[in-house]
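Spelled out from the first residue to the last, the chains are:
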Amino acid sequence: MRIVVLEDADAVAAFGANHIIEGIHRKPEITLGLATGSSPVRLYQNLIQVNQEHKVSFQKVSTFNLDEYLGLDGEHPQSYRYFMNEQLFNHIDIDLNNTHVPNGAAKNPLSACEEYEQAIRNRGGIEIQLLGIGRNGHIGFNEPTSSLSSRTRVKTLTKDTVDANRRFFAEGEFQPRLSLTMGISTIMEAQEILLIATGAGKAEAIKNTIEGPVSAFCPASILQMHAKVVVVIDKAAAQELKDVSFYEYIEQEQQRLLAAVKGE
Ligand code: F6R
């Protein structure tokens, strides 16, 4: 695991955006896995800015989002499709036909999950998967005790997740308890994973992800088994880690090595 500890949320957003932009420059027709929630919002703002400055193009990029609420269609302001259009897609030069979010309004959500898996396969798989992390260690909507081998499916949200997301819903408004989410195995098949987290509220989940045992009780801990993961966090989210200075030292050495290889 590559662990990058930065000063604050702005630095995390800039690093994350840059990582994705480098991926698009390497391969303009890249397939990205994307996330919703508050964590990626600033990162998306960075992507929008760089796209509007014509320094990167999304014209050939395809995207697959991690999850969607079951029971909300894409027109619903709290749906993740709506979120993605508002926060990113409507402001960049991406072809909306190349953007995919699980269908929360599907008549048959079970077959919608299988079709989503097939659509990812048809595109040749996800190259860079962006992840946030829940306070309980969930990735996508794979809540604690989710099978570490799971595929895209319907999942019940924990009370903790429902409570954490209540802030987005008006009082008395229907708030879904079920979701369609990529499975942990689906996420692990991405060639590369970029996990971002900021704030003290994520510190325990980050500690369990990086230093804890691999356990379905902290689904993000499975990332220890992935060959290419970068975890980008601010100081607040890093505060429970045992040995931040060691992680910083590794990162410095890695940068030195890369510079030497490039002949800088
Ligand atoms: C969202 C998603 C979730 C969030 C997580 C953190 O698509 O898959 O796993 O990444 O709940 O949410 P925020 O960023 O709002 O703290």
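With that out of the way, let us pick up the site of the ligand. Taken together, 14 residues surround the ligand, and among them Ser39, Asp67, His138, Gly140 and Lys202 come closest. One of the side-chain N or O atoms of Asp67 is found 2.7 Å from an oxygen atom in the ligand. A distance of 2.7 Å separates an oxygen atom of the ligand from a polar atom in the backbone of Gly140. Coverage of the ligand by the protein chains reaches 92% of its 410 Å² of free accessible surface. Considering only residue class, the shell around the ligand consists of three nonpolar, eight polar and three charged.

In this section: the sheet that holds strand β8 (residues 178-181). If you walk across this open sheet you meet the three strands as β4-β8-β7, and the pairing is antiparallel. At either end of the open sheet lies a strand with only one pairing partner, and these are β4 (67-69) and β7 (153-156). Each neighbouring strand pair of the sheet contributes to a mean axis angle of 30 degrees, computed without reference to strand direction. Here β4 runs beside β8; their pairing, made up of three bridges, is antiparallel. Within β8, the position partnered with Asp67 by the bridge is Thr181. Across the sheet, helix α4 (residues 109-122) lies against β7 and β8, angled at about 120 degrees from β7, the strand it touches most.

Here Asn136 is to be found in the loop between β6 (128-131) and β7. Only 3.0 Å separates the side chain of Asn136 from the backbone nitrogen of His138, close enough to count as a polar contact. One polar contact links Asn136 to Thr158, side chain to side chain, over a distance of 3.5 Å. Apart from residues lying up to four places away in sequence, Asn136 is in contact with Glu143, Pro144, Thr158, Asp160, Thr161, Phe217, Cys218 and Pro219.

On to the packing of helix α1 (residues 9-26) against helix α2 (residues 41-52). Where α1 contacts α2, the two axes come as close as 8 Å, and the packing angle between them is 50 degrees. One way to sum up the angle between α1 and α2 is to call them oblique. The crossing of α1 and α2 is right-handed. Of the residues in α2, those touching α1 at Ala9, Asp10, Ala13, Ala14, Gly16, Ala17, Ile20 and Ile21 are Arg42, Leu43, Asn46, Leu47 and Val50. Of the residues that constitute the contact of α1 with α2, the class distribution is nine nonpolar, two polar and two charged.

Each value, and the rule that gives it
- Residues numbered from 1 in each chain as written.
- Predicted model: local features only at pLDDT ≥ 70, side-chain atom pairs only at ≥ 80, totals over all residues.
- Heavy atoms only, no water.
- Near = heavy atom within 4 Å.
- Polar contact = N/O pair within 3.5 Å; in protein donor to acceptor, adjacent residues only side chain to side chain.
- Areas by Shrake-Rupley, 256 points an atom, 1.4 Å probe, with all protein chains shown as cover.
- Nonpolar A, V, L, I, M, F, W, Y, C, P; charged D, E, K, R; others polar.
- Pairing = 2+ DSSP bridges.
- Helix = DSSP H or I, 4+ residues; strand = E, 2+ residues; numbered from the N terminus.
- Axes fitted to C-alpha atoms, helices over the stretch in contact; angles between N-to-C directions.
- Contact = heavy atoms within 4.5 Å.
- Parallel < 35°, antiparallel > 145°, perpendicular 65-115°, else oblique.
- Left-handed = near helix turned anticlockwise from the far one by under 90°.

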